[in-house]
Amino acid sequence: MRKIAFYTLGCKVNQADTASMEEIFRQAGYEIVDFAAQADVYLINTCVVTNTGQRKSRQIINRAVRRNPLSLTVVTGCYPQTAPEEVRAIEGVDVIIGNQERGRIVELVEQALTHKQDTILDNVQQMTVDTKFEELGVGTETDKTRAFLKIQEGCNQYCTYCIIPYARGPLRSRSLASIRTEVEKLVAAGYKEVVLIGIHLGCYGKELVKEGKRLTLYDAVQAALSVEGVRRLRLGSLESVEVEPRLLQLMAQEPRLCKHLHLPLQSGCDKVLQSMHRPYDTARFKNLLADIRCQVPEVAITTDIIVGFPGETEEDFAATLRFAEECAFAKMHIFPYSKRKGTPAEAMPNQVEENVKAERAARLAQLDEKLHRQSLLSMVGKTEEVLFEQPVDEQHMEGLCGPYLRVVVEGDAQLAGEIRRVKITGVQEDWLQGELL
């Protein structure tokens, strides 16, 4: 039995892609081993969303090559998709595959193993508007309680800072039948929560209009919820302008649909938002949040913010600080701007110094800590359903409630994988303290 080891960098979509590839190899008779172990094949699923991600991808590729030069080194994902010539130039790489045709991964690896040669097996495919969603099966062989199901791929937004449209191609969506089939597999495997994810999740179904189909994310959510045995469903990141009213109505009425939305803001300054090519201004974003909270009062809203975008002045950043506080986000993910080769923002004037980015990120993190604590304190006295995941120590278990907040209770490892009602009794650091009911 041949052994294969995987290493995944980057986002939840990448993690889902790796899980799918692991399942394909498992079905082909391969043994999945730890990346630190000796293996016949090392597969690195790469990330290029930031300079750090791309640099780390190169480091991991080189580590695999050094570990066993006689093994096969396979590089997949966004790095070979956006810079195939750069990946081909890394000594020791045997196979490169982008973000398409991963259903052929075993066939390509077997071909390279059988005919290992000096030339690299290059299977990076260019993606066009006619490229279809690659409906890979989900991986179910993990000890986790939450499963990530990719239902959408690609992005047509072309924000000026972002490499992802070039790495992931145009919009494409998983069929409703496939969504139901994969959710059935996950439920049968014992998963208690399914998270629907995509590169531009809110655009689910948009490209299918040319085929006469009128589907939106609401339809995908309904397809997932139609599977008997689904205990909890969560949505990944989506744009505020794409949250349709009937989806909010469903969230308000359906207890299985988590009252949590991750809506990237990126900046609280209109000048910067326009320069980023974002599809809203602060007034529209604020009105959308008000409408969401009116329809789903208990919703927790988290966000992403980029600091130090080219041309961002101290006044612009101060506007972002003020606006983020007004929005009262439950949690902010903060990213110093990272220059990406080939994007419009790379050539923009007035690039912000790294030390200024770091200082602004630190100030925004202070606000995040304050807002997150306010969000935690607002939960005290409420009763929440908590999906328990892992022990904190021998006497305490940790889990996740619907609003995407961590909850710790007294209990042992037998709680793992269970959904239990919990009374929230207090706040400790950045998590909630609770009692089982």
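As a starting point, this report considers the structure included with it. Small disclaimer: the values here were computed from a predicted structure and weren't measured.

## What to know about the sheet that holds strand β10 (residues 232-235)
Argument step 1. What the 4 strands build is an open sheet, ordered β8-β7-β9-β10; its pairing is mixed. Strands at the two margins of the open sheet, each flanked by one partner only, are β8 (172-173) and β10.
Argument step 2. Alignment of strand β9 (residues 193-198) against β10, held across 4 bridges, turns out to be parallel. The residue of β10 that forms the bridge with Val194 is Leu233.
Argument step 3. Each of β7 (146-153) and β9 is contacted by helix α1 (residues 12-27), which is oriented at about 100 degrees to β7, the strand it contacts most.

## Focus on the nonpolar core
Argument step 1. Ranked by size, the top nonpolar core spans 56 residues in total, and within it Ile179, Leu217, Val221, Leu235 and Leu261 carry the most contacts.
Argument step 2. Residues Ala83, Ile90, Cys269 and Met276 belong to the second largest nonpolar core, which totals 36 residues.

## Some remarks on the sheet that holds strand β2 (residues 31-33)
Argument step 1. One open sheet holds the 6 strands; their spatial order is β2-β1-β3-β4-β5-β6, and the pairing between them is parallel. Both edges of this open sheet fall to β2 and β6 (121-122), since each of them pairs with a single strand only.
Argument step 2. Note that strand β3 (residues 41-46) and strand β4 (residues 72-77) share 6 bridges and pair parallel. The residue of β4 that forms the bridge with Asn45 is Thr76.

## Remarks on the pairing of strand β14 (residues 383-391)
Where a strand is regular, its side chains alternate between the two sheet faces.
Argument step 1. Relative to strand β17 (residues 419-428), β14 runs antiparallel, the two being bridged by 5 bridges. Bridge pairing in β17 places Thr383 opposite Lys423.
Argument step 2. Pairing analysis gives 5 bridges linking β14 to strand β15 (residues 396-401), with the strands arranged antiparallel. Each bridged residue has a counterpart across the sheet, and for Pro391 the counterpart in β15 is Met397.
Argument step 3. Two successive antiparallel strands, β14 and β15, enclose a turn made up of 4 residues.

## Focus: the pairing of strand β13 (residues 331-336)
Argument step 1. Pairing between strand β12 (residues 300-307) and β13: 6 bridges, direction parallel. Looking across to β13, one finds that Ile305 is bridged to Ile334.
Argument step 2. This β-α-β element, β12 to helix α12 (residues 314-327) to β13, shows right-handed connectivity.

## Some words on the side chain of Thr302
Argument step 1. Its place among the elements puts Thr302 in strand β12.
Argument step 2. A polar atom in the side chain of Thr302 sits 3.1 Å from the side chain of His260.
Argument step 3. In this view, Thr302 contacts His260, Leu261, His262, Leu263, Phe329, Ala330 and Lys331; residues no more than four positions away in its chain are not counted.

## Examining the packing of aromatic side chains
Argument step 1. Counting across every chain of the model gives 10 aromatic pairs.
Argument step 2. Considering the side-chain rings of Tyr280 and Phe285, the 5.4 Å spacing of their centres and the 50 degrees angle between planes classify their relative orientation as tilted. For the residue pair Tyr280 and Phe285, the accessibility class agrees, reading buried in each case.
Argument step 3. A centroid spacing of 5.4 Å and a plane angle of 75 degrees characterise the contact between Phe309 and Tyr337, whose relative ring orientation is edge-to-face. Here Tyr337 lies in the loop between β13 and α13 (354-377) and Phe309 lies in the loop between β12 and α12, a separation of 28 residues in the sequence.
Argument step 4. The rings of Tyr280, Phe285, Phe323 and Phe329 are connected pair by pair, giving a single aromatic cluster.

## Describing the environment of Gly202
Argument step 1. For Gly202, the position within the fold is in the loop between β9 and α8 (217-225).
Argument step 2. Classification of Gly202 by relative accessible area gives buried; the value is 16%.
Argument step 3. The spatial distance from the C-alpha of Gly202 to the C-alpha of Lys331 is 20 Å, given a sequence separation of 129 residues.
Argument step 4. The contact partners of Gly202, leaving out residues within four places of it in the chain, are Leu238 and Glu242.

## Considering α8
Argument step 1. Most of α8 is tucked away: 8 of the 9 residues are buried.
Argument step 2. Every buried residue of α8 is accounted for by Leu217, Tyr218, Asp219, Ala220, Val221, Ala223, Ala224 and Leu225.

Parameters at a glance
Residues numbered from 1 in each chain as written. Predicted model: local features only at pLDDT ≥ 70, side-chain atom pairs only at ≥ 80, totals over all residues. Heavy atoms only, no water. Pairing = 2+ DSSP bridges. Helix = DSSP H or I, 4+ residues; strand = E, 2+ residues; numbered from the N terminus. Contact = heavy atoms within 4.5 Å. Axes fitted to C-alpha atoms, helices over the stretch in contact; angles between N-to-C directions. Core = buried A, V, L, I, M, F, W, Y, C linked by side-chain atoms within 4.5 Å. Buried < 20%, exposed > 50% of the residue type's maximum accessible area, 1.4 Å probe, protein only. Right-handed = clockwise from strand over helix to strand, strands pointing away. Polar contact = N/O pair within 3.5 Å; in protein donor to acceptor, adjacent residues only side chain to side chain. Phe/Tyr/Trp six-rings, centres within 6.5 Å; stacked < 30°, edge-to-face > 60°.

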